[in-house]
2 protein chains.
Amino acid sequence: MVSNFYIPVEVFLGENATLKVGEVARRFGFKAVVITGKKSSKENGSLQKVLDSLKKHGISEVLIYDEVEPNPIDRNVNDAARLVVEEKVDLIIGLGGGSALDVAKAVSIVSSNEGSVWDYVKYPEGARLVPFYNRPVICIPTTSGTGSEVDRYSVVTNPIRKEKLVVSHSLNYPKVAIIDPLNTTSMSPYLTAVTGFDALTHALESLTNRADNFIAEEYSVKAIRIIAKWLPVAVNEPDNLEARKQMSYAAMLAGIAIDHLGVALIHTLEHPVSAHYPHVAHGVGLAILAPYVTKYNYEYRKDKYSLFAELMGYPSEPHKAVDSLVEFIDTLGLPKTLKDVGVEKEKLDRLTEDVYMLSRHSFIVNPREPKELDEIRELYESAYEGNL
Amino acid sequence: MVSNFYIPVEVFLGENATLKVGEVARRFGFKAVVITGKKSSKENGSLQKVLDSLKKHGISEVLIYDEVEPNPIDRNVNDAARLVVEEKVDLIIGLGGGSALDVAKAVSIVSSNEGSVWDYVKYPEGARLVPFYNRPVICIPTTSGTGSEVDRYSVVTNPIRKEKLVVSHSLNYPKVAIIDPLNTTSMSPYLTAVTGFDALTHALESLTNRADNFIAEEYSVKAIRIIAKWLPVAVNEPDNLEARKQMSYAAMLAGIAIDHLGVALIHTLEHPVSAHYPHVAHGVGLAILAPYVTKYNYEYRKDKYSLFAELMGYPSEPHKAVDSLVEFIDTLGLPKTLKDVGVEKEKLDRLTEDVYMLSRHSFIVNPREPKELDEIRELYESAYEGNL
């Protein structure tokens, strides 16, 4: 077995790493756009730190695009890309949660090539266009979960068609990730839990992916160990800096792991949920679905699920992977059923259809490959009712 | 503390990874040069595997430069660079031990910019020229030690001035590393020990470097643990594939670690030794000097030397780092004094002078910064006599 490993993102990780952004940005030009959300980067002070550092290092013109919403939509990417082209921006800085970073990366692709964001998302048939160029992107996460700062993915929603799709291309990597745990201390316990669970799912889905990659596996293993220990601490003690630092690091490790192996059925089933119900955070959807998908999977990669259970602090047995997830989600205080978060039962058919139409290419990497669409429908139904 | 991490080399690691070279090379062009040594890549069959794979994937023209010698000299780089320019070669493949890989990388810089290799080496005053361009390089190690396949360094010797100097630049990274443990199985126990000790020294010197980098440290820690366990196995059982695989992996990890932190006094003192006595393998010089330099250092970074001792399987006390090295070198059957390998006592002054003239810039990263040149002279004298 040959393992492939490549992570072309330069990482700065540590307290006050944010203050490096000006120095780093100077490598790439003089005119920047900061892509961020409407509120949190203003409220937690990170936007001001970024602007001060850019000014100090002679980035003379800085535009701000602050319209990114959670579960970001295509318009965010296309609007910001137009701004970048019209204003001849040299470099793009993504500041925020996964949404802001995903948008920043996709803006780089769309602003540097023809077409709109939908031309670059990965349908089961492949993407419609291949990008040939990109603008440099610096990603500064303010959550610890998505790993978007080190991966090649951007997840974007079409709010009319209710489709959530992924741009995945080697030009979609940021050039630099600036990971500063101080930017995450203002996250609420809920947001900490939700984003941290996303990181855990990345580590779980890369660990159990049918394509083995022993280098990437070490990143998953390390991430799971850290998250099992430190996520509950970060949730319960928002000011615990060690916990914030560990979670920032773990989210990066899990991001690297998932970048090499790609997501599987937990993510595949989640995307239609938050596409149709944008009020459902990605991490909440994952937490609801993870135990059901894991129960569906574990007999098919017993070694890896045993390892997962062990890393979570449970006996090294495959079915304990399910227990460990259920209890971990309980500890984090996250919802347990699709019903609980407002998904309608009559929508389950549509969700199942969307999985098939938009994401069936991921079936093959899942530990157990679904053969009938009914299996997906049943997973949704169990997660709706809470029948584990 | 902000840790920086960047490793822009795509890695393929595993048995038969060599067979991927043709497919990878096609990304970069149609005309390649293979830079290798006079014998081992022919005898162990790796050269033929490379040529077959290139042919199979339509690399129509392949030149071979097979004049690289151990402790490679400036002429190797300059000659091969001239060949690359004259023949309009698209890509460079380094195949062999650290020497072949170091030459391949430096050839990329020299063939793509003005000047000769001495314009790009790092003197205490800095390099004379800055490269602006490079040609793609694929590195295929046939030893497990130098880590050259993933780092930005090329060590080159001037045989007239007896100077061993380092090219160190971000354009000196290979694009791709193809690490195939099967290429290392024909190494003799001696070569296995010597090259493996080089990897151990990389891990030790990066772990104890005065610049902390907690991400890179994890690579050192992992490398030391693997080398302590598997290097003696690889030496005693040349056909043990698991040991070969572990050592290939550890050498890569240690290479990544040292790439981030740079070498310190063990390497700094070794380079003049093998520059003046080219029959002394780099790893042999390191093995002789490591216990003396470690004894000189350990009081100044007690935490890290305690950790090193522990990773080597000794009690977690700083002075045990020295014991662990002495006994490990003993287990590997490597020489113990400079006298044993033919260094002349009257040359110790010149070696000391060369350290000052060529490498004093590395004093500052050593755990204990030498203040007087006499300290260097005394280290050489102890290592000459065997007075630990």
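Residues numbered from 1 in each chain as written. Chains lettered and ligands numbered in written order. Predicted model: local features only at pLDDT ≥ 70, side-chain atom pairs only at ≥ 80, totals over all residues.

1. Let's talk about the overall build of chain A
Quick note on the threshold: Under the scheme used here, helices are H or I runs from DSSP no shorter than 4 residues and strands are E runs no shorter than 2 residues, and both carry numbers assigned from the N terminus. The globule rule is 2.2 Å times the number of residues to the power 0.38, and the radius of gyration it is compared with is taken over C-alpha atoms. Counting other C-beta atoms within 10 Å of its own, a residue is labelled buried from 20 upward, exposed at 12 or fewer, and partly exposed in the gap between, with every C-beta atom placed from the backbone. Note that contacts rest on C-beta atoms placed from the backbone: two residues are in contact if these are within 7 Å.
In terms of helices and strands, chain A carries 14 helices and eight strands. Since a compact globule built from 388 residues should have a radius of gyration of about 21 Å, the 20 Å found for chain A is in line with a globular shape. When the 388 residues of chain A are sorted by exposure, 59% land in the buried category. Sequence-distant contacts in chain A: of pairs separated by 6 or more residues, those separated by 24 or more amount to 78%.

2. Quick word on the interface of chain B and chain A
Filter applied, for reference: Charged means Asp, Glu, Lys or Arg here, nonpolar means Ala, Val, Leu, Ile, Met, Phe, Trp, Tyr, Cys or Pro, and polar covers whatever is left, Gly included. Only strands joined by at least two bridges in the DSSP assignment are considered to pair.
Each side of the interface is counted separately: chain B has 17 residues, and chain A has 17 residues. The greatest single-element share of the side of chain B that touches chain A, amounting to 10 residues, is contributed by strand β1 (residues 3-13) of chain B. Its residues assigned to classes, the side of chain B that touches chain A shows 11 nonpolar, four polar and two charged. In this structure, strand β1 (residues 3-13) of chain A lies alongside β1 of chain B, joined through seven bridges in antiparallel fashion. Bridge pairing in β1 of chain B links F12 of chain A to N4 of chain B.

3. A word on the domain arrangement of chain A
Residue and element names in this part refer to chain A. In plain terms, the rule: Delimitation of the domains relies on an automatic or database domain assignment.
Each domain of chain A was delimited in the assignment, giving domain 1 (10-183) and domain 2 (188-385). Relative placement of domain 1 and domain 2: their C-alpha centres are 25 Å apart. Of the residues lining the interface, 24 residues belong to domain 1; the matching set on domain 2 comes to 32 residues. Those elements that provide at least two residues to the side of domain 1 that touches domain 2 are β1 and β7 (163-168). By residue number, the principal contributor to the side of domain 1 that touches domain 2 is β7, which donates three residues. For the side of domain 1 that touches domain 2, the class distribution of residues is nine nonpolar, nine polar and six charged.

4. Concerning the relation of the copies chain B and chain A
This is how the line gets drawn: Copy-to-copy alignment: least squares on C-alpha atoms, limited to residues at pLDDT 70 or above in both.
Between chain B and chain A, the superposition needs a rotation of 180 degrees and an axial shift of 0.0 Å, giving an RMSD of 0.0 Å. On this basis, the relationship between the two copies can be described by a two-fold rotation axis. Relative to the rotation axis, the closest C-alpha in chain B is found at P8 of chain B, a distance of 2.4 Å. Comparing interface residues between copies, 100% of those in chain B also sit at the interface in chain A, which points to an isologous, same-surface contact.

5. Here we look at the pairing of strand β5 (residues 137-141) of chain A
Residues and elements named next belong to chain A. Counting buried positions over the five residues of β5 gives five, a clear majority of the element. Of the two faces of β5, the one carrying V137, C139 and P141 and the one carrying I138 and I140 are both buried. Alignment of strand β4 (residues 91-96) against β5, held across five bridges, turns out to be parallel. Within the sheet, the bridge partner assigned to G96 lies in β5 and is P141.

6. Observations regarding helix α12 (residues 320-332) of chain B
Residues and elements named next belong to chain B. Our working definition: A helix's residues, less one, multiplied by 1.5 Å, set its expected span. Relevant arc is that of directions from the helix axis to the C-beta atoms, nothing else.
Taking 1.5 Å of rise per residue, 13 residues should cover 18 Å, and α12 covers 18 Å from first to last C-alpha, within 8% of that figure. Of the positions making up α12, those classed as buried are A321, V322, S324, L325, F328, I329 and L332. Taken down its axis, α12 places every buried residue within 165 degrees of arc, on the same side.

7. Re the packing of helix α10 (residues 282-297) of chain B against α12 of chain B
All names here are of chain B. Worth spelling out the cut-off: Only C-alpha atoms enter the line fits that serve as axes; for helices the fit covers just the stretch in contact. Angles between N-to-C directions range over 0 to 180 degrees. Each angle receives one of four descriptions, namely roughly parallel if under 35 degrees, roughly antiparallel if over 145, roughly perpendicular if within 65 to 115, and oblique otherwise.
It is the contact of α10 with α12, at a shortest axis distance of 9 Å, that shows an interaxial angle of 170 degrees. Our classification of the angle between α10 and α12 gives roughly antiparallel. Counted together, A287, A290, P291, T294 and K295 of α10 and A321, V322, L325, V326 and I329 of α12 form the full contact between these two elements.

8. Description of the nonpolar core
Rules: Note on definitions: a nonpolar core is a set of buried residues drawn from Ala, Val, Leu, Ile, Met, Phe, Trp, Tyr and Cys, linked by C-beta atoms within 7 Å.
Among the nonpolar cores identified, the biggest contains 268 residues, and I35 and I93 of chain A together with I35 and I93 of chain B are the most heavily contacted of them. Once residues lying within four places of it in the same chain are set aside, the contact partners of I35 of chain A are Y65, V68, A80, I92, I93, G94, A100, V103, A104 and V107 of chain A.

9. Considerations on helix α7 (residues 214-236) of chain B
Condition: To obtain the bend at a residue, axes are fitted to the seven residues ending there and to the seven starting there, and the angle between these axes is taken.
Here α7 of chain B contains 23 residues, and its C-alpha end-to-end distance of 34 Å stays within 8% of the 33 Å for a straight helix at 1.5 Å per residue. Considering bend angle alone, the principal kink of α7 of chain B is centred on I227 of chain B and spans about 35 degrees.

10. Re the sheet that holds strand β3 (residues 61-68) of chain A
Read across the open sheet, the 12 strands follow the order β3(A)-β2(A)-β4(A)-β5(A)-β8(A)-β1(A)-β1(B)-β8(B)-β5(B)-β4(B)-β2(B)-β3(B); overall the sheet is mixed. Both edges of this open sheet fall to β3 of chain A together with β3 (61-68) of chain B, since each of them pairs with a single strand only. On average, each strand axis in the sheet is tilted by 25 degrees relative to the strand beside it, whichever way the strands run. Where strand β2 (residues 31-37) of chain A meets β4 of chain A, five bridges bridge the pair, whose relative direction is parallel. Within the sheet, the bridge partner assigned to A32 of chain A lies in β4 of chain A and is L91 of chain A. Packing of helix α4 (residues 74-86) of chain B onto the sheet brings it into contact with β2 (31-37), β3 and β4 (91-96) of chain B, and relative to β3 of chain B it is tilted by some 165 degrees.

11. Some points on unusual backbone geometry
One non-glycine residue with positive phi stands out, namely N16 of chain A, at about 70 degrees. By the secondary structure assignment, N16 of chain A is in the loop between β1 and α1 (21-25). Backbone geometry at K162 of chain B places phi at a positive 60 degrees, although glycine is not the residue there. Here K162 of chain B shows up in the loop between β6 (153-158) and β7 (163-168).

12. Some details on the pairing of strand β6 (residues 153-158) of chain A
All names here are of chain A. Of all six residues in β6, five are buried, a share of seventy percent or more. Relative to β7, β6 runs antiparallel, the two sharing six bridges. Bridge pairing links Y153 to S168 in β7. With antiparallel pairing between neighbouring strands as the criterion, β6 and β7 make up a hairpin whose turn holds four residues, including K162 at a positive phi of roughly 55 degrees.

13. Description of the environment of Y380 of chain A
Residues and elements named next belong to chain A. Its place among the elements puts Y380 in helix α14 (residues 373-385). Along the chain, Y380 and K20 lie 360 residues apart, while their C-alpha atoms are 45 Å from each other. Discounting chain neighbours no more than four positions away, the residues touching Y380 are L269, L338, L348, L351 and T352.

14. Side note on the confidence of the model for chain A
We apply this condition: Every residue is assigned a pLDDT by the predictor, reflecting its confidence on a scale from 0 to 100.
Confidence along chain A averages 96 in pLDDT terms, with 100% of residues attaining 70 or more. Two summary scores accompany this predicted model of the complex, namely pTM at 0.93 and ipTM at 0.89.

15. With respect to the packing of helix α6 (residues 189-208) of chain A against helix α11 (residues 302-311) of chain A
All names here are of chain A. Applicable threshold: Handedness of a crossing is defined here by the sense of rotation of the near helix relative to the far one, left-handed for an anticlockwise turn of less than a right angle and right-handed for a clockwise turn.
Where α6 meets α11, the axes come as close as 9 Å, and the angle between the chain directions of the two elements is 150 degrees. Regarding the angle of α6 to α11, the classification is roughly antiparallel. Pair α6 / α11 crosses with right-handed handedness. Residues L204, L207 and T208 of α6 touch α11, and the partners they reach there are K304, Y305 and F308.

16. Some details on the environment of G115 of chain A
Topologically, G115 of chain A is positioned in the loop between α5 (98-112) and β5. Look at G115 of chain A and you get partly exposed, because 15 C-beta atoms sit within 10 Å.

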